[in-house]
Amino acid sequence: MPTGKLSWVERSQQLARLIRLPNLLLMGLCLLLVRATLLSAASWRVVLASPFLLLMLATLCVAAAGYIINDYYDVKIDAVNRPGRLVIGRLINRRHAMMAHLILSGIGIVVAGVLSPLLGLVHVGSALLLWGYSVRFKRVALAGNASIATLTAALVLLPELQARTGQAGPWGYALAAFLLTMVREIVKDVEDMRGDAQHDCRTLPILWGVSRAKWVAGAFLVCLLLLTSGAISESLQTGYLWLGAWLIALCLLPMLALGYQLRRADRRRHFAQLSAWCKWIMLAGVLSIPLSAIA
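Since the structure is predicted, the reported quantities are computational estimates derived from the model, not experimental observations.

Asks: I would appreciate a short explanation of the overall build of the chain in the present structure.
Replies: Secondary structure assignment for the chain yields 14 helices and zero strands. Starting at the N terminus and ending at the C terminus, the chain contains elements arranged as α-α-α-α-α-α-α-α-α-α-α-α-α-α. Here the C-alpha radius of gyration of the chain, 20 Å, is about what a compact globule of 295 residues would show, namely 19 Å. Each of the three principal axes of the chain carries a C-alpha extent, and together these read 55 × 50 × 35 Å.

In structure tokens:
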């Protein structure tokens with residue numbers, strides 16, 4: 001379908017779908033909150049200074065490029081798993097999509113490199129890992145899951161890598177992000193088994209079966225529950241009552257419910273619901289960051 005027949009509103013909607021705009025907004029919010037609270041920034045003037053804004057720009061450009069290249073290589077699989085959400089090849093020319101990927105990756109890497117050699121290397125590594133994930137890793141059991149989980153954890157650590165404050169808080173949140181992302185990626189693999197199996201993907205549920213894949217996801221969820229319980233205990237003991245209450249109500253209890261539903265899930269729509277549930281828990285975790293500064 002030629003994109004010329006679409007209105008500007010429809011084109012904007014398709015572009016937002018292609019780059020996963022809600023996900024990018026969540027990433028930007030995470031970066032902002034980590035810098036503003038966990039790293040004890042002196043003022044919003046410090047937080048919104050050009051170096052940090054450039055870091056956000058670089059990171060979101062590389063992330064958007066990653067979503068584009070993932071869809072570029074997944075056209076056939078998405079035609080089976082998510083036909084209603086197919087963008088590249090149906091609404092956006094494949095050549096244009098590849099060009100957008102290269103431009104966005106280039107902008108992100110150059111901007112990060114200007115900020116510091118370390119940030120430049122991290123963004124080069126992220127871009128290469130996203131490309132490798134799209135081409136190969138996502139079709140290998142646990143390799144793709146671990147790739148995305150590692151990138152999610154790295155996102156949380158970027159403000160610390162730039163500011164070098166020595167704060168421990170970002171590392172705890174990064175570990176939580178890694179564990180929750182592993183749970184969600186395995187759940188998504190179960191949800192996408194039909195299309196993956198038709199294109200020779202060797203994801204965890206295809207190799208080990210749905211039941212064992214659920215046990216692996218459950219193991220990562222148990223680790224996350226233990227980490228969250230420890231954070232709650234420390235928060236309550238050190239006087240961060242709002243943080244403790246938030247983590248109990250909006251993270252710990254939903255994770256327990258997630259584990260219960262994961263055990264019972266046996267249909268594709270169940271795993272789609274669990275995947276969305278993981279995203280809401282992740283949002284709650286991101287929104288808990290400011291509370292870590294309120295005693």
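Asks: In this structure, what is going on with the packing of aromatic side chains? I would like to understand it.
Replies: Given two aromatic rings, their pairing is described by the distance between the two centres and the angle made by the two planes. Within this structure, the stated rule accounts for one aromatic pair. On the basis of an interplanar angle of 80 degrees and a centroid distance of 5.2 Å, the ring pair of Tyr72 and Tyr73 is categorised as edge-to-face. For Tyr73, a relative accessible area of 32% gives the class partly exposed. Directly above the ring of Tyr72 sits Arg94, whose terminal nitrogen or CZ lies 4.1 Å from the centroid.

Asks: Looking at this structure, how should I read the packing of helix α6 (residues 94-115) against helix α7 (residues 117-135)?
Replies: For any two helices packed against each other, the geometry is given by the interaxial angle and the distance between the axes. One way to put it is that α6 packs onto α7 with a least axis distance of 5 Å and a crossing angle of 155 degrees. As the angle between them shows, α6 and α7 are arranged roughly antiparallel. Handedness of the α6/α7 crossing: right-handed. The segment α6 lies against α7, with Gly108, Ile109, Ala112, Gly113 and Leu115 engaging Pro117, Leu119, Gly120, His123, Val124 and Ala127. Of the residues belonging to the contact of α6 with α7, the class tally is seven nonpolar, four polar and no charged.

Asks: Which parts of the structure should I look at to understand the side chain of Ser235?
Replies: Looking at where Ser235 falls in the secondary structure, it is placed in helix α12 (residues 210-237). For Ser235, the residues in contact, after removing those within four places along its chain, are Tyr240, Leu241, Leu243, Gly244 and Leu247.

Asks: Just to check I follow, could you spell out the side chain of Thr203 for this structure?
Replies: Along the polypeptide, Thr203 turns up in the loop between α10 (193-198) and α11 (204-208). On the accessibility criterion, Thr203 (1% relative accessible area) is buried. Non-local contacts of Thr203, meaning those with residues more than four positions away in its chain, are made with Lys138, Arg139, Ala141, Asp189 and Asp196.

Asks: Can you walk me through the pattern of salt bridges in this structure?
Replies: Any two side chains of opposite charge can pair if their charged atoms end up close together. This model, assessed by the stated rule, comprises five salt bridges. Residues Arg20 and Asp71 are paired through a salt bridge, measuring 2.8 Å at the closest nitrogen-oxygen approach. Taken together, the positions of Arg20 in the loop between α1 (8-18) and α2 (21-38) and Asp71 in helix α4 (residues 50-73) put the pair 51 residues apart, joining distant regions of the chain. Judged on exposure class, the residue Arg20 and its partner Asp71 are both buried. Taking the shortest distance from any N to any O, the salt bridge between Asp74 and Arg139 comes out at 3.4 Å. Remark: Arg139 occurs in the loop between α7 and α8 (143-163) and Asp74 occurs in the loop between α4 and α5 (75-81); sequence separation between them is 65 residues. The buried category is assigned to Arg139, whose relative accessible area is 15%.

Asks: Sorry, what's going on with the packing of α2 against α8 here?
Replies: At a closest axis distance of 9 Å, the pairing of α2 and α8 adopts a crossing angle of 40 degrees. It follows from the interaxial angle that α2 and α8 lie oblique. Here α2 runs over α8; the crossing is right-handed. Contacts from Met27, Cys30, Leu31, Val34 and Arg35 in α2 reach Leu155, Val156, Leu158, Pro159 and Ala163 in α8.

Cut-offs used in this document
- Numbers given for residues are sequential positions, taken from 1 along each chain in its written order.
- Under the rules for a predicted model, residues below a pLDDT of 70 receive no local features and side-chain atom pairs below 80 are neither given nor counted, while totals for whole chains, interfaces and linings still include all residues.
- Hydrogens and water molecules were not included; the side-chain quantities draw on all heavy atoms of the structure.
- Strands here are runs of E lasting at least two residues and helices are runs of H or I lasting at least four, both read from the DSSP assignment and numbered beginning at the N terminus.
- Two things to know: the radius of gyration comes from C-alpha atoms, and the globule rule equals 2.2 Å times the number of residues to the power 0.38.
- Between rings of Phe, Tyr and Trp, where Trp is taken as its six-membered ring, a pair exists when centres lie within 6.5 Å; planes separated by under 30 degrees are stacked, by over 60 edge-to-face, and by other angles tilted.
- When a residue's accessible area, from a 1.4 Å probe over protein chains only, is under 20% of the maximum for its type it is buried; when over 50% it is exposed; and in between it is partly exposed.
- Definition used: whenever NZ (Lys) or CZ (Arg) falls within 6 Å of the ring centre and also within 35 degrees of the ring normal, the charge is taken to sit over that ring.
- Lines fitted to the C-alpha atoms define the axes, with helices restricted to the stretch that makes contact. Angles between their N-to-C directions range from 0 to 180 degrees.
- Note on terminology: angles under 35 degrees are roughly parallel, angles over 145 are roughly antiparallel, angles of 65 to 115 are roughly perpendicular, and the others are oblique.
- Crossing handedness: left-handed means the near helix sits turned counterclockwise from the far one by under a right angle, and right-handed means the same turn made clockwise.
- We call two residues in contact whenever any of their non-hydrogen atoms come within 4.5 Å of each other.
- Under the convention adopted here, Pro, Cys and the residues Ala, Val, Leu, Ile, Met, Phe, Trp and Tyr are nonpolar, Asp, Glu, Lys and Arg are charged, and Gly plus all remaining residues are polar.
- The salt bridge criterion pairs a side-chain nitrogen of Lys or Arg with a carboxyl oxygen of Asp or Glu, the two atoms within 4 Å.

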